[in-house]
Amino acid sequence: MNRIRVLPDHVANQIAAGEVVERPASVVKELVENALDAGSNRITVEIGAGGRSLIRITDDGLGMSRDDALLCLDRHATSKIRRAEDLAVVTTMGFRGEALPSIASVSRFVVTTREREDTSGEGSQVVVSGGKMVSVKSAANPPGTTVEVRSLFFNLPARRKFLRSEETERAHIQHYLTLAALAHPEVGISFITDGRPAWQLPPARYTTPEERLEAVRDRLRQLHGGDLNLLSVEFETRVEEAPGGDDPDAPAVLREASYSTFRVWGLIGAPGVSRSTRDEQHLFVNRRPVENRGLNFALLEGYHTVLMKGRYPVCCLFLEIDPAAVDVNIHPAKREVRFREEGVVRRLVAKAVRETLLNYARSQSPVPSLAPTGSTAAPSSPVEPPKPTAPGEPIQTPLPLSGRSAPASSRPTWNPPTSTPIPATPPATPGTPSIVTPTSGAPAAVPVPPAPLPPTSPTPVSPPSAGLPLLSIPLRVAGVIGRLYVVLESDRGLVLMDQHAAHERILFEQMLGRLEGDRQAPSQRLLLPETVELAVRDAEFVRRHLDILNRLGVSLREFGERTFLLDALPPFVKSSSPRKFALDLVDALQAAGAGVNNLRLGEDMVAKTVCRHAVKAHDPLQGRELEQLVADLRACAMPYTCPHGRPTLIEMGWRELERRFGRSQ
């Protein structure tokens, strides 16, 4: 008897079901994708007992004839592809033809369908139990298809006992439906669990990209609530597709070098909007929800210095890329995708996110002024740590502040209410018209302090600056509490500024400007140079980045094939083992990825440097110094967070103050 034999069809289908059907959510995913590919306008998903006892998907799509209804239950029967070349340009959600026979082999399966063009009102119904055909008959059905899956894994008790609780399985189903609803806002989706409607999302009609983005925003609001501050992303560029070489057996679409459009659009959280997990990161490639580590790293790279450590962005991002440049056939459940040019995609996504955040910061900040109007503060000048005059001399970073006359133990100094506000715009020069507010007609640079509210008014009236960015309005220094938090007043209410975080951001951007200007960062010579021996791969990496490392103050020289001589480190490094610091640095730089800007490699060092030299929590600052600190913060590209992602400013409006003091409801 032969040892090798062909498995029966029902056994092969059950094995395939083990790859495709992991849990009830996998069934919902496959059936909803079929409904979307069929051009449905409305889809209803009904489950019972978390999908264990019932899964019913009803759509109004194209439907099927009786012959197609029977053929769809055969393995590898599909209407999505015709030739092997079609796999290189998959544009549909499904294409393998394994889902329906796999699901039918592990459940009691009923499909009822009728073609959209059929006006007779008579459809077809196919009943399958555990992979065995039970009946085929005519049945009344509206145009479209209804697939009913009962008793999932009834014939595989070993698989059934691995299912989680009903609540857990229901949560997995709802998570996938959330992704499908966001990817297809033009399709109405209803979700019913145990006979009770969970949510009903009406279809949104759109004709322009702007309307489509608003439809996605509405879907997010319906699914997650509307209290998130989300920024619109719109990024488009042309990329060169890498040719497939001279391989004559490769498809023509892979052999020809061409240019394609790469587009990123969607919504991302503004600075300060984050979560402790990635649960609210929704990523789509050609409207397919995907999981890709490169895209996750690209998001974090785009949010660099905007998020605190351990926090993750909130986003709903759509990547539109040439289908030939992405492989969706690397995972049995089609969850993961692979890009032909992984580094390019990662770099472009990070760039799209970064540009959106920078544009938001620019819109929230005015054009920086050289000196406050009506103030005696000195003009803002770049803060650049001078180079040490001798080897081993520590760096001395001057602060952009002056007049530290108060002792460290003195109480906070409060300015009188008549102190000059810090303007939000540059002083007017001869021949330059002043910016005039539409309400008062006075230049915006010299605002009038807000008038006290009448006793009978429960809530304040809207100030003239309502809706304007925080750093675009005049701020008046009222004092300092705890010798750390600067109290500022505007016509909108109260603003608190962390003087250490604000100064960190100022120094961080100014020191990065030094690196961008190809200037050498200070370094401190070691008393005894050390040799660092690396693996072949690490040695090659260090050899390629020697110039960058030397500019950052880490002096490494080749001392052999895989050995380097370390003779200097940045002044802030207080490590007992310089060799260990160099090895940790190499690991960190390699983790940053090859597609990252080289200047990004030195930001961790810069962040540590500015953290050491920025003003501390108990450094007493005077009025002029505080005004200058705010003025310098206005000049930053990302003024609302420090390099570690912590906020620099917190605003509390009049309405919030009134509510906390019980003056309004």
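Look up a bit, the structure's there.
Computed from a prediction, not measured in an experiment: that's the story for all the values here.

1. Details of the side chain of Arg212
Among the secondary structure elements, Arg212 is positioned in helix α7 (residues 209-224). Accessibility expressed as a relative area gives 14% for Arg212, which makes it buried. The residues contacting Arg212, other than those within four sequence positions of it, are Tyr206, Arg263, Trp265 and Glu320.

2. Quick look at the pairing of strand β22 (residues 555-558)
In this structure, β22 lies alongside strand β23 (residues 563-569), joined through four bridges in antiparallel fashion. The residue of β23 that forms the bridge with Leu556 is Leu566. Hairpin connection, β22 to β23: the antiparallel pair is bridged by four residues, and Gly560 has positive phi, about 155°.

3. Considerations on unusual backbone geometry
A positive phi is found at Ala49, a non-glycine position, where the angle reads about 55°. Relative to the assigned elements, Ala49 resides in the loop between β1 (42-48) and β2 (54-59). Classification of Ala49 by relative accessible area gives buried; the value is 17%. At Arg483, a residue that is not glycine, the phi angle is positive and equals roughly 50°. Relative to the helices and strands, Arg483 resides in the loop between β18 (476-481) and β19 (485-490).

4. Description of the packing of helix α6 (residues 166-183) against α7
For the pair α6 and α7, interaxial distance at closest approach is 9 Å and the crossing angle is 155°. By the angle between their axes, α6 is roughly antiparallel relative to α7. Mapping the contact onto sequence places Thr178, Ala181 and Leu182 in α6 and Val216, Arg219, Leu220, Leu223 and His224 in α7. Taken together, the residues that form the contact of α6 with α7 break down as five nonpolar, two polar and one charged.

5. Some details on the side chain of Arg263
Note that Arg263 resides in strand β10 (residues 258-269). Given the relative accessible area of 10%, Arg263 is considered buried. In terms of polar contacts, Arg263 uses its side chain to reach the side chain of Glu234, at 2.8 Å. For Arg263, the contacting residues outside a window of four places in its chain are Pro209, Arg212, Glu234, Phe235, Glu236, Phe318, Leu319 and Glu320.

6. Some details on the pattern of salt bridges
Should their charged atoms come close, side chains of opposite charge can pair. Taken as a whole and assessed by the stated rule, the structure comprises 29 salt bridges. A salt bridge links Arg338 to Asp327; its shortest N-O distance comes to 3.4 Å. Of the two residues, Arg338 sits in strand β17 (residues 338-339) while Asp327 sits in strand β16 (residues 326-327), which places them eleven residues apart along the sequence. Residue classification places Arg338 among the partly exposed residues on the basis of a relative accessible area of 47%. The closest approach of N and O atoms between Glu558 and Arg543, which form a salt bridge, is 3.0 Å. Separated by 15 residues along the polypeptide, Glu558 in strand β22 and Arg543 in helix α12 (residues 536-544) bring together distant segments of the chain.

7. Observations concerning the sheet that holds strand β20 (residues 493-498)
Overall, antiparallel pairing links the four strands, which are arranged β18-β19-β20-β24 in an open sheet. Each of the sheet's edge strands pairs with one partner strand only, and the pair in question is β18 and β24 (649-653). Direction aside, the axes of adjacent strands within the sheet are offset by 25° on average. In this structure, β19 lies alongside β20, joined through six bridges in antiparallel fashion. Within the sheet, the bridge partner assigned to Leu488 lies in β20 and is Val495.

8. Structural notes on the environment of His503
Along the polypeptide, His503 turns up in helix α11 (residues 499-516). Here the alpha-carbon distance between His503 and Cys642, two residues 139 residues apart in the chain, equals 8.2 Å.

9. Here's the deal with a nonpolar patch on the surface
On the surface, a nonpolar cluster with roughly 220 Å² of combined accessible area is contributed by Leu70, Met133 and Val136. Here Leu70 lies in helix α3 (residues 66-71).

10. Details of the packing of aromatic side chains
Evaluated as defined, the whole model comprises three aromatic pairs. Judged by centre distance (5.7 Å) and plane angle (55°), the ring pair of Phe191 and Trp199 falls under tilted. Of the two residues examined, Phe191 and Trp199, each falls in the buried class. For the ring pair Phe284 and Phe318, a centre distance of 4.6 Å and an interplane angle of 10° mean the geometry is stacked. Taken as a pair, Phe284 in strand β12 (residues 281-285) and Phe318 in strand β15 (residues 315-320) lie far apart in primary sequence, 34 residues in all. Assigned by exposure class, Phe284 and Phe318 land together as buried. We note Arg108 situated over the ring of Phe154; from NZ or CZ to the ring centre the distance is 4.0 Å.

11. Re the sheet that holds strand β21 (residues 524-533)
Read from one edge to the other, the open sheet built from three strands follows the order β21-β23-β22, with strand pairing classed as antiparallel. The sheet is open, and its two edges are formed by β21 and β22, each paired on a single side. Neighbour-to-neighbour, the strand axes of the sheet open up by a mean angle of 20°, direction not taken into account.

12. Some words on the packing of helix α2 (residues 24-37) against α6
The geometry of a pair of packed helices is captured by two quantities: the angle between their axes and the separation between those axes. Running from N to C, α2 and α6 point in directions that differ by 25°, and their axes come no closer than 8 Å. Looking at the two axes, α2 sits roughly parallel to α6. Where α2 crosses over α6, the two elements pack in a sense that is right-handed. Here Pro24, Ala25, Val28, Lys29, Val32 and Glu33 of α2 lie close against α6, whose contacting residues are Glu169, His172, Ile173, Tyr176, Leu177 and Ala180. Of the residues belonging to the contact of α2 with α6, the class tally is eight nonpolar, one polar and three charged.

Cut-off values and rules
- Residues numbered from 1 in each chain as written.
- Predicted model: local features only at pLDDT ≥ 70, side-chain atom pairs only at ≥ 80, totals over all residues.
- Heavy atoms only, no water.
- Helix = DSSP H or I, 4+ residues; strand = E, 2+ residues; numbered from the N terminus.
- Buried < 20%, exposed > 50% of the residue type's maximum accessible area, 1.4 Å probe, protein only.
- Contact = heavy atoms within 4.5 Å.
- Pairing = 2+ DSSP bridges.
- Axes fitted to C-alpha atoms, helices over the stretch in contact; angles between N-to-C directions.
- Parallel < 35°, antiparallel > 145°, perpendicular 65-115°, else oblique.
- Nonpolar A, V, L, I, M, F, W, Y, C, P; charged D, E, K, R; others polar.
- Polar contact = N/O pair within 3.5 Å; in protein donor to acceptor, adjacent residues only side chain to side chain.
- Salt bridge = Lys/Arg side-chain N within 4 Å of Asp/Glu carboxyl O.
- Patch = residues over 30% accessible without salt bridge, like charges linked within 9 Å, V, L, I, M, F, W, Y side chains within 5 Å.
- Areas by Shrake-Rupley, 256 points an atom, 1.4 Å probe, with all protein chains shown as cover.
- Phe/Tyr/Trp six-rings, centres within 6.5 Å; stacked < 30°, edge-to-face > 60°.
- Lys NZ or Arg CZ within 6 Å of the ring centre and 35° of its normal.
- Left-handed = near helix turned anticlockwise from the far one by under 90°.

Shape descriptors only; they carry no functional weight alone.
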